[in-house]
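Chains, contacts and geometry: an overview
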Amino acid sequence: MLTIERRADREMYLLYTVLASLSFFFILKWMKRRRYFTELKRLDGKTVLITGGNSGIGKETAVALATRGARVIIACRDPEKAEKAIREIKLRSRSFNVCHMELDLANLCSVREFCKKFLQKEKNLHILINNAGMPGILDWTDDGFSTCFGVNHLGHFLLTNLLLPRLKECAPSRVITLTCSSYKYQKLDFQDLNYNLLPFFTYCRSKLANIYFSQELGRIVEGKGVTSYAVNPGFVQSGWTCHYSFLFRMLMQVIMWMFSVPCEIGAQTVIYCAVSDEAAKHSGGYFVDCQPATLRPFARDAGVAKKLWEASERLVKLA
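Computed from a predicted model, the values in this text were never measured in an experiment.

Helices and strands together make up the secondary structure of the protein chain, namely ten helices and eight strands. Every one of the 319 residues in the protein chain was classed for burial, and the buried ones make up 50%. Sequence-distant contacts, at least 24 apart, represent 76% of the contacts inside the protein chain between residues at least 6 apart. Summed over its atoms, the accessible surface of the protein chain is roughly 16100 Å², and 57% of this surface lies on carbon and sulfur atoms.

And the structure:
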């Protein structure tokens, strides 16, 4: 009798374990659900520049836009990785109109040199995608800025401003800047924009700066044929963990497997903002999952956005 009861307990335990596992699986699947942008609008004759287009979301975006007929230029600092990515993009998109230009966003001289060469070589620029970024690491750029703030914000700020005349010439044109939901955990301190103490907070501030930049850009170019969008791609299975220790990478692989989405899915909102006519109605907006989303009130402060723009002009010596 006792043996039968123990067998029944084991069977019930097994049943509960299976049910719990299935429930957990379907909850994770529900949490990771995303819209897939299916509009097949062509981009023939359009030129697209993507920073960090050699990997992750940038590479998936390059494939999607090249497939639609755009000329795609990926800007990154490693020529070998770029050439490998270009071969894959050409193969997957069946387009040979893909090339690479060297750019190091951690060096403002490199940004200026890149823009000089780009404007000499390329007569058109219709879509600029500020995709490249650094995770929360405590390091410094060649110009003495914290790596997160210097690469994620200042590098793209200078790049966009130097290319803005060409974007206006090629209107209608678009600027898409990638950000992150982590913006909500920090606020900017104008007494210490170069904050570099806690890695995660440094990253959060740089992503908030991306949002303010996109909003102020939208206001500056209003009525001039250029539109601006801030895109949160979600928690994506990209290669950002390469900057950390082996143990941290292993831990994050498990977490990403459970909660993150593939780069192809993460790129959908970027593609939506680059292609969709509907997105063009929301210049300066913040987009999540292929639709406009609401920011925290402090992240919608036009005064702070303007103040950051002016401070950034001074830091990169545009003012």
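Looking now at the confidence of the model for the protein chain. On average, residues of the protein chain carry a pLDDT of 87, and 81% of them reach 70 or more. Residue range residues 21-32 is modelled with pLDDT below 50. Its contacts to residues more than four positions away, or to other chains, number nine contacts.

The next subject is the environment of Asp142. Residue position: Asp142 is located in the loop between β4 (127-130) and α5 (147-169). Excluding its chain neighbours within four sequence positions, the residues that come into contact with Asp142 are Asp104, Ala106 and Asn107. Among the polar contacts listed, one links the side chain of Asp142 to the side chain of Asn107, at a separation of 3.0 Å.

Below, the discussion takes up the nonpolar core. Membership of the largest hydrophobic core comes to 50 residues, with the highest contact counts inside it found for Leu49, Phe114, Phe118, Leu159 and Tyr183. Elements that contribute at least two residues to this core include exactly β2 (71-76), β3 (98-102), α4 (108-121), α5, α6 (199-220), β6 (226-232) and α10 (302-315). In terms of residues, this core owes the most to one element, α5, which gives nine residues. Dropping the residues within four chain positions of it, Tyr183 is found in contact with Cys204, Lys207, Leu208, Ile211, Tyr286, Thr294, Leu295, Arg296, Phe298 and Ala299. Membership of the second largest hydrophobic core comes to 38 residues, among which are Ile57, Ala66, Val261 and Val275.

Most of β2 sits out of view: five of its six residues are buried. Pairing of strand β1 (residues 47-51) with β2, which is carried by five bridges, proceeds in the parallel orientation. Each residue of the ladder has a partner; that of Leu49, found in β2, is Ile73. With helix α2 (residues 56-67) bridging β1 and its parallel neighbour β2, the resulting β-α-β unit is right-handed. In terms of strand pairing, β2 meets β3 through five bridges, oriented parallel. For Val72, the partnering residue across the bridge sits in β3 and is Val98.

Next up on the list: the sheet that holds strand β7 (residues 285-288). The strands making up a sheet are joined through hydrogen bonds of the backbone, oriented either antiparallel or parallel. Strand order in the open sheet made by the eight strands is β3-β2-β1-β4-β5-β6-β7-β8, with mixed pairing throughout. Each end of this open sheet is capped by a strand with a single partner; those strands are β3 and β8 (291-292). For β6 and β7, the ladder comprises four bridges, and the chain directions are parallel. Along β7, the bridge assignment pairs Val231 with Phe287. In this fold helix α3 (residues 79-93) packs onto β2 and β3, with an angle of close to 165° to the strand it touches most, β3. The strands touched by α5 are β1, β4, β5 (173-178) and β6; relative to β4, the strand with the most contacts, the crossing angle is about 175°.

Moving on: the packing of aromatic side chains. This model, assessed by the stated rule, comprises ten aromatic pairs. Aromatic side chains Tyr183 and Tyr286 sit 5.9 Å apart centroid to centroid with 75° between the ring planes, which places their arrangement in the edge-to-face category. Of this pair, Tyr183 sits in the loop between β5 and α6 while Tyr286 sits in strand β7, and the two are 103 residues apart along the sequence. A connected cluster of aromatic rings, assembled from ring pairs, spans Phe157, Phe213 and Trp309. A cation sits over an aromatic face here: Arg205 above Tyr195, 4.0 Å from the ring centre. For the cation-ring pair, Lys307 lies above Phe190, with the distance from its terminal atom to the ring centre recorded as 4.6 Å.

Per the counting criterion, the structure on display carries nine salt bridges. A salt bridge links Arg42 to Asp44; its shortest N-O distance comes to 3.0 Å. Lys59 is the salt-bridge partner of Glu88, the closest N and O atoms lying 2.9 Å from each other. Taken together, the residues span a long stretch of sequence, with Glu88 in helix α3 and Lys59 in helix α2 at a distance of 29 residues. Here the salt bridges do not stand alone but share partners, grouping Lys59, Glu60, Glu88 and Arg92 into one network.

Another aspect to go through is the packing of α5 against α10. At a closest axis distance of 10 Å, the pairing of α5 and α10 adopts a crossing angle of 85°. When the axes of α5 and α10 are compared, the pair comes out roughly perpendicular. The residues of α10 that touch α5, namely those facing Phe149, His153, Leu154, Phe157 and Asn161, are Leu308, Trp309, Ser312, Glu313 and Leu315.

Another aspect to go through is the packing of α5 against α6. Close contact between α5 and α6 brings their axes to 7 Å; oriented N to C, the two are set at 20°. Put simply, α5 runs roughly parallel to α6. Read as a crossing pair, α5 and α6 show a hand that is right-handed. Counted together, Cys148, Phe149, Asn152, His153, His156, Phe157, Thr160 and Leu164 of α5 and Thr202, Tyr203, Ser206, Lys207, Ala209, Asn210, Phe213 and Leu217 of α6 form the full contact between these two elements. Its residues assigned to classes, the contact of α5 with α6 comprises eight nonpolar, seven polar and one charged.

About the cut-offs
Residues numbered from 1 in each chain as written. Predicted model: local features only at pLDDT ≥ 70, side-chain atom pairs only at ≥ 80, totals over all residues. Heavy atoms only, no water. Helix = DSSP H or I, 4+ residues; strand = E, 2+ residues; numbered from the N terminus. Buried < 20%, exposed > 50% of the residue type's maximum accessible area, 1.4 Å probe, protein only. Contact = heavy atoms within 4.5 Å. Areas by Shrake-Rupley, 256 points an atom, 1.4 Å probe, with all protein chains shown as cover. pLDDT = per-residue confidence, 0-100. Polar contact = N/O pair within 3.5 Å; in protein donor to acceptor, adjacent residues only side chain to side chain. Core = buried A, V, L, I, M, F, W, Y, C linked by side-chain atoms within 4.5 Å. Pairing = 2+ DSSP bridges. Right-handed = clockwise from strand over helix to strand, strands pointing away. Axes fitted to C-alpha atoms, helices over the stretch in contact; angles between N-to-C directions. Phe/Tyr/Trp six-rings, centres within 6.5 Å; stacked < 30°, edge-to-face > 60°. Lys NZ or Arg CZ within 6 Å of the ring centre and 35° of its normal. Salt bridge = Lys/Arg side-chain N within 4 Å of Asp/Glu carboxyl O. Parallel < 35°, antiparallel > 145°, perpendicular 65-115°, else oblique. Left-handed = near helix turned anticlockwise from the far one by under 90°. Nonpolar A, V, L, I, M, F, W, Y, C, P; charged D, E, K, R; others polar.

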